[in-house]
Amino acid sequence: MKHMEPTPTGESLVKIRKQEESFSNELDMLSLEVENFQPDETLGGVRYSSDPQGKGSTITRQKQRISEICERLGCPAPRWLIDEGVSAWSRDAASGQLKNMTAGTALGDFMAEVARGDYCAKTILLVYENCDRFSRGDLDDADSALMKLLRAGISVYFCNLNMLLRPRDRHH
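Summarised in this report is the structure supplied together with it. (Residues numbered from 1 in each chain as written. Predicted model: local features only at pLDDT ≥ 70, side-chain atom pairs only at ≥ 80, totals over all residues. Heavy atoms only, no water.)

**Quick word on the packing of aromatic side chains**
Note the cut-off: Each Phe, Tyr or Trp ring (for Trp, its six-membered ring) is paired with any other whose centre lies within 6.5 Å, and the angle between the two planes then decides the class: stacked below 30 degrees, edge-to-face above 60, tilted in between. Secondary structure counts use DSSP, requiring at least four H or I residues in a row for a helix and at least two E residues in a row for a strand, with both numbered from the N terminus. The buried label applies to any residue whose accessible area, calculated with a 1.4 Å probe on protein chains only, is under 20% of its type's maximum; exposed applies above 50%, and partly exposed to all values in between.
Applying the stated rule across the entire model yields four aromatic pairs. For the ring pair F134 and F158, a centre distance of 5.9 Å and an interplane angle of 65 degrees mean the geometry is edge-to-face. Of the two residues, F134 is situated in helix α5 (residues 131–134) and F158 in strand β4 (residues 154–158); the sequence distance between them amounts to 24 residues. Across the pair, F158 and F134 agree in class, each one buried. An aromatic cluster is defined as three or more aromatic residues linked by ring pairs; in this entry it consists of Y128, F134 and F158.

Structure, rendered in structure tokens:
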């Protein structure tokens, strides 16, 4: 699917510059927190749910922000987990799981690989631009999925919250 990027002008350009300045400040704080954290592999989680979102700049924006985080922290360039047109709110009728965490989706397949132990010998960092790209379900859904990742040794970073969750954090 080809994505056309609109060119920002006027107010939207000012808004983007303010967001970039805020993002730069977030990165400064994060780099202090993760000085000694060097993952073997970085995964970038990208998702949108509707066709209008897919026609905009959502994929590019999410990938850019995640790439900037990785570069700033000296992490490996991310391997992308991209779910296009997949809801993180609706549930799969057969399994009852959030649709973005079911088999056949990038996140769902990654979660299955984690459950099988495919990543137990590596230090992995999963990065999302925004926590709602990971889950829009209730707190139990998000917490359950995050705890599965943390128990398996996967660290997760949400750019919008400037929050790094590491396996050691699962006890707090």
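The rest of the description comes next.
**Section: the side chain of Q62**
Let me state the cut-off plainly: Whenever two N or O atoms come within 3.5 Å, that pair is a polar contact, provided that in protein one can donate a hydrogen and the other can accept it, and provided that, for residues adjacent in sequence, both atoms are side-chain atoms. Contacts between residues were defined by any pair of non-hydrogen atoms, one from each residue, lying within 4.5 Å.
Among the secondary structure elements, Q62 is positioned in helix α3 (residues 58–73). Separated by 3.1 Å, the side chain of Q62 and the backbone oxygen of R47 make a polar contact. Of the polar contacts made by the side chain of Q62, one reaches the side chain of T58; its length is 2.7 Å. For Q62, the residues in contact, after removing those within four places along its chain, are G45, V46, R47, E129 and R133.

**Structural notes on the pattern of salt bridges**
Pairing between side chains of opposite charge can happen when the charged atoms of each approach one another. Where we set the bar: Between Lys or Arg on one side and Asp or Glu on the other, a salt bridge is scored when a side-chain nitrogen of the former is within 4 Å of a carboxyl oxygen of the latter.
Taken as a whole and judged by the stated rule, the model has four salt bridges. A salt bridge links E41 to R79; its shortest N-O distance comes to 2.8 Å. In this pair, E41 is assigned in strand β1 (residues 41–48) and R79 in strand β2 (residues 79–84), connecting sequence segments 38 residues apart. Here E41 falls in the buried class, since its relative accessible area comes to 15%. A salt bridge links E41 to K122, with the nearest nitrogen and oxygen atoms 3.2 Å apart. Within this pair, whereas E41 is found in strand β1, its partner K122 is found in the loop between α4 (106–116) and β3 (124–128), the two being separated by 81 residues in sequence. Each of the salt bridges in this network shares a partner with another, and the network as a whole consists of E41, R79 and K122.

**A few points about the nonpolar core**
The condition that has to hold: In this text, buried Ala, Val, Leu, Ile, Met, Phe, Trp, Tyr and Cys residues form a nonpolar core when linked through side-chain atoms within 4.5 Å.
Among the nonpolar cores identified, the biggest contains 23 residues, and L107, F110, L126, F134, L149, I154 and F158 are the most heavily contacted of them. Counting residues per element, the ones that place at least two in this core are α4, β3, α6 (139–151) and β4. If we skip the residues at most four places from it in the chain, F158 touches Y128, N130, C131, F134, L146, M163 and L165.

**Overview of the sheet that holds β2**
Heads up, the rule is: Paired strands are those between which DSSP finds at least two bridges. Axis lines are fitted through C-alpha atoms, for helices just across the contact stretch, and the angle between N-to-C directions can take any value from 0 to 180 degrees.
Strand order in the open sheet made by the five strands is β2-β1-β3-β4-β5, with mixed pairing throughout. Of all the strands in the sheet, the pair left with one neighbour each is β2 and β5 (163–165). If you compare each strand with its neighbour and ignore which way they point, the axes differ by 20 degrees on average. Together, β1, β2, β3 and β4 form the strand contacts of α4, whose direction differs from that of β2 by roughly 130 degrees. Seen against the sheet, α6 touches β3, β4 and β5 and runs at an angle of roughly 135 degrees to β4.

**Examining the pairing of β3**
With respect to burial, β3 is a largely interior element, five of its five residues being buried. Going residue by residue along β3, you find I124, L126 and Y128 tucked away on one face and L125 and V127 tucked away on the opposite face as well. By the bridge criterion, five bridges tie β1 to β3 in an arrangement that is parallel. Bridging from a neighbouring strand, E41 pairs with I124 of β3. Of the strand pairs in this sheet, β3 and β4 are connected by five bridges, and their pairing is parallel. Looking at β4, one finds that I124 is bridged to I154.

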